[in-house]
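The primary structure of each chain is shown beneath.
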Amino acid sequence: MTDTEVSESKCDVLIVGAGPAGLMMAAWMARCGINARIVDKRGTKIFSGQADGLQCRSLEIFDSFGFADRAWKEANHMIEMCMWNPDEKGVITRSDRLPDTPVGLSRFQQIVLHQGRIERFFLDHIKKHSKDGIRVERAVLPESLHIDEAACDDHSPDNYPITVKLRHLTEDEAMPAQSKGSGVGDGLFRSNLAEDDTEELISKSREKEGSTETVRAKYMVGCDGAHSWTRGQLGFQLEGEPTDYIWGVLDVIPITDFPDIRHRCAIHSATNGSLMVIPRENKLVRLYIQLNEIKPDASGRADRSQITPAVILAAAQKILAPYTLSYKICHWWTAYQIGQRVGTNFDFKNRVFLAGDAVHTHSPKAGQGMNVSMQDSYNLGWKIGLVVRGVVKPEVLSTYGAERRQIALDLIAFDHKFSRLFSGRPAKDVMDEEGVSMEKFKQAFLAGNLFASGLSVDYAPSLLIAKPQPDTENNNTANNQHLAPHIPLGMRFPNAQILNQSSARPLPLQSLLKSDSRFHIVLFAGTPTAPAQAERLSTFCALLTSSKTLAPHLHTHIRILTVHAAPRVDVDLLRDFPDVLHPFSEETGWDYDAVFVDERSFHEGGGTAYEGFGVDRERGCVVVVRPDGYVAFIGGVGEEGGRGVERFFGGVFVA
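Residues numbered from 1 in each chain as written. Predicted model: local features only at pLDDT ≥ 70, side-chain atom pairs only at ≥ 80, totals over all residues. Heavy atoms only, no water.

Per an unreviewed UniProt entry, the protein is named Phenol 2-monooxygenase, and its organism is Dothidotthia symphoricarpi CBS 119687. Per UniProt, the protein carries the Sequence similarities (unreviewed entry) text "Belongs to the PheA/TfdB FAD monooxygenase family." (UniProt positions renumbered as here; feature names shortened; annotations may be inferred.)

Ranked by size, the top nonpolar core spans 112 residues in total, and within it Val 13, Met 29, Phe 62, Ile 384, Phe 519 and Phe 649 carry the most contacts. At ten residues, helix α1 (residues 20-32) tops the list of elements feeding residues into this core. If you count residues domain by domain, this core takes at least three from each of domain 1 (7-76 + 109-177 + 188-241 + 340-417) and domain 2 (481-652). The next biggest cluster of nonpolar side chains, apart from the first, holds 28 residues, and it includes Val 277, Leu 291, Leu 320 and Leu 325. (Core = buried A, V, L, I, M, F, W, Y, C linked by side-chain atoms within 4.5 Å. Buried < 20%, exposed > 50% of the residue type's maximum accessible area, 1.4 Å probe, protein only. Helix = DSSP H or I, 4+ residues; strand = E, 2+ residues; numbered from the N terminus. Domains from an automatic or database assignment.)

So, about the pairing of strand β11 (residues 211-222). For β11, the tally of buried residues reaches eleven of twelve residues, placing the bulk of the element in the interior. Relative to strand β18 (residues 352-354), β11 runs parallel, the two sharing three bridges. By the bridge assignment for β18, Val 221 is matched with Phe 353. (Pairing = 2+ DSSP bridges.)

Our focus in this paragraph is the sheet that holds strand β7 (residues 111-112). The strand order β3-β7-β4 describes an open sheet built from three strands, whose pairing is antiparallel. Single-partner strands in this sheet number two, and they are β3 (53-54) and β4 (76-77). One ladder, built from two bridges, connects β3 with β7; its direction is antiparallel. In the strand pairing of β7, Gly 53 is matched with Val 112.

Okay, unusual backbone geometry next. Trans is the common state for peptide bonds, and a negative phi is the common state for residues other than glycine. A cis amide bond links Ala 321 with the next residue in sequence, Pro 322, at an omega value of 15°. By the secondary structure assignment, Pro 322 is in the loop between α8 (309-320) and β16 (325-343). Although it is not a glycine, Ala 504 sits at a positive phi angle of roughly 70°. Here Ala 504 is to be found in the loop between β20 (497-500) and β21 (506-508).

In this section: the sheet that holds β20. With respect to topology, seven strands assemble into an open sheet ordered β21-β20-β26-β23-β22-β29-β30, the strand pairing being mixed. Whereas interior strands pair on both sides, the edge strands pair on one side only; in this sheet they are β21 and β30 (631-635). Sheet twist, expressed as the mean angle between neighbouring strand axes with direction ignored, is 30°. Strand direction decides the pairing type here: strand β29 (residues 621-625) and β30, joined by four bridges, are antiparallel. Note on β30: the bridge partner recorded for Val 625 is Val 631. (Axes fitted to C-alpha atoms, helices over the stretch in contact; angles between N-to-C directions.)

Note that Ser 269 resides in the loop between β13 (264-268) and β14 (274-279). Distance from Ser 269 to Lys 318, taken between C-alpha atoms, is 8.5 Å for residues 49 residues apart in sequence. Ser 269 has contacts with Pro 86, Ile 92, Ile 319 and Pro 426, leaving out every residue within four places of it along the chain. For Ser 269, the side chain forms a polar contact with the main-chain nitrogen of Asn 272, separated by 2.9 Å. Here the side chain of Ser 269 touches Gly 273 through a polar contact of 2.7 Å, landing on its backbone oxygen. (Contact = heavy atoms within 4.5 Å. Polar contact = N/O pair within 3.5 Å; in protein donor to acceptor, adjacent residues only side chain to side chain.)

Right, let's get into the packing of aromatic side chains. If you walk through the whole model with that rule in mind, you get 26 aromatic pairs. Measuring from ring centre to ring centre gives 5.3 Å for Phe 519 and Phe 649, while their planes differ by 85°; the resulting arrangement is edge-to-face. With Phe 519 in strand β22 (residues 519-526) and Phe 649 in helix α15 (residues 639-650), the pair connects residues that are 130 residues apart, well separated along the chain. The interplanar angle of 90° and the centroid separation of 5.8 Å between the aromatic rings of Phe 519 and Phe 653 together place this pair among those described as edge-to-face. With Phe 519 in strand β22 and Phe 653 in the segment after α15, this residue pair connects regions lying 134 residues apart in the sequence. Of the two residues, Phe 519 and Phe 653, neither departs from the other in class, the shared state being buried. Aromatic rings pair up to connect Trp 28, Phe 62, Phe 65, Phe 67, Phe 121, Phe 122 and Tyr 378 into one cluster. (Phe/Tyr/Trp six-rings, centres within 6.5 Å; stacked < 30°, edge-to-face > 60°.)

Given below as structure tokens:
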């Protein structure tokens, strides 16, 4: 039998893999108006299990897309972390209670909700913004990849240097194999205990009269998991090694007398291993259970046929003793082997990119897998989108690997320490050198909490981050961080409450930084009623509207948000602010949602944004924020600051 060639087509961006990382990429493509395709070898989306933790930064990102409220309402909220350790008699006892998320860092705290619902939020968003032009094509996988290397540096609109042959599977072929006997859906086929089945699927499909098609693309993004076919085609590797620690996972509605079952718990038993409790939505609880009796074989990989829900439950019961644990309802289960690995490369010639588990793998207990994976493609998606549209220079794409590989290395280092402290036997006393100090575990948890939240990301100097660079004379912002010391360059823009100048409605400033592919200029206008500051403000705005670099992009690719510090009742929107700060439309009139004031609201407090950010209330400052919410540039209000903004965008925008 021979394959049937369905068609040959072109697209700007081909995304392989429709998990959270791939869907985040597709969301950006929808928001940027890009001709993109997203394919996945599985026949259906996820309906249970897989990743579940959503950290603070991920929720801020969801809010910028407009669907954080859906997750927030459905999820279980993680408020408190309880630590249980063996007492002098070896009986597990609660030893500490800690806030699950660092206090005061974000508008959001960690929540848990199964991956299928998160994927649904993305799918709805993509459909809304692409008018169903981008949809997940399921039971489709790539079979071959060819890259015209000589054409990779040619960024003309009609150049498609990537050729991919796609294979369409039958429904039966696309259905992942499940373990026999348990009667419950499992995720072992996605686990690192399983071999990749891509080549097997391709081989079986070739034996039948399958169908294929050829796609030519400008860019390709592999979001296809730890066994990434895309990574293999590029010849890239994941560097690192597995441990001997095997863990099982159960999503159950527990029947137990353990008192903290609705708290996140880290439980170390004296001799039977460790367990983590993650309370979930709808009375579910996820249990991560160390399987001490399951060992890797000579190949270094555990025999997954030995692992069943009954085996995992028995291990949990031993760890929790003297408390009892059983269940009648199990939604999902899996097992995995702890290991930390990171990719040698994140892209090939800035044309084919890898994101998520395709370039970093680690244990799931710190709740980082889905979060960091989504944040990879959140970093990359707008860059590809604006390059395809001819708005920003192709050199912008080189910042992806530089920025995200360092985050992956930091993640691996954190997980390496945290997972080994979690899996190690508790020390019996101070002389027990082989055991793990429970105080060290607590301190590691506290130190890692900020990293785990996603709020410690700090990107290095680049054409997108105007930090002073060592050993260069490019000191555009060499001394400008002092203008806003608590809005750090390279980090995500922090939050403060402000009031709308026209309506007095209180709003989180961060919520105004929408993920709509535009850069934002946040103009802290200081006190515009002071004559000297009014002149500086007028000069700055005149430069914006006259600059050949900036003027063509105002409001289309650059949105201006103004926050002033004068008493609201002393200020008039039309009198005291240049038109560019509240543009006029013949159809809708003046823009009343672009100028804000740092002042207390009647009902919700506030009035401390300038103080919190360290910005001078009279002179203010200018902050440029990237489309992904990270702080790119800081300057003063006036001609010098305006020239700095112009130079920054001159390095980013296509002339």
